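Here is what each chain is made of, one letter per residue.
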Amino acid sequence: MNIWHGDTGTKANLFATLGPDHDGGIVLSGHSDGVPVTNQTWASDPFTMVERVGKLFGRGTCDMKGFVAATLPLARPLHFAFT
């Protein structure tokens, strides 16, 4: 696992590998930063997930964080690159 910190020390990038130690594999890449909600129009509190008409609404409900949480190891090496 490798971690690189930004100049301010408040952000970091991560590269990690799970699975067997051999060539090949798959890289899954995603971002983990958050986008501010200042000056955005929300019909409800963006920090509280709500369900309306069968859909989920809230900050991050349809973003890379769901992808990051859903990544699972396979039979090949799996490389994670989160920035």
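What you see is a predicted model; the values in this text were computed from it and never measured.

### Here's the deal with the sheet that holds strand β1 (residues 2–5)
Thinking step 1. An order of β1-β2-β6-β3 is seen for the four strands of this open sheet, with the pairing classed as mixed. Among the strands making up the open sheet, the edge pair consists of β1 and β3 (26–30). On average, each strand axis in the sheet is tilted by 10 degrees relative to the strand beside it, whichever way the strands run.
Thinking step 2. Where β1 and strand β2 (residues 12–18) come together, four bridges link them in antiparallel fashion. For His 5, the partnering residue across the bridge sits in β2 and is Ala 12.

### A few points about the environment of Asn 2
Thinking step 1. Turning to its location among the elements, Asn 2 is positioned in strand β1.
Thinking step 2. The exposure class of Asn 2 is partly exposed, given its relative accessible area of 40%.
Thinking step 3. When residues no more than four places from it in sequence are discounted, the contact partners of Asn 2 are Asn 13, Leu 14 and Phe 15.

### Looking at the confidence of the model for the chain
Thinking step 1. Predicted confidence across the chain gives a mean pLDDT of 80, with 82% of residues reaching 70 or more.
Thinking step 2. Ranking the elements of the chain by mean pLDDT puts helix α1 (residues 64–70) last, at 66, and strand β4 (residues 50–52) first, at 91.

Procedures and definitions
- Residues numbered from 1 in each chain as written.
- Predicted model: local features only at pLDDT ≥ 70, side-chain atom pairs only at ≥ 80, totals over all residues.
- Heavy atoms only, no water.
- Pairing = 2+ DSSP bridges.
- Helix = DSSP H or I, 4+ residues; strand = E, 2+ residues; numbered from the N terminus.
- Axes fitted to C-alpha atoms, helices over the stretch in contact; angles between N-to-C directions.
- Buried < 20%, exposed > 50% of the residue type's maximum accessible area, 1.4 Å probe, protein only.
- Contact = heavy atoms within 4.5 Å.
- pLDDT = per-residue confidence, 0-100.

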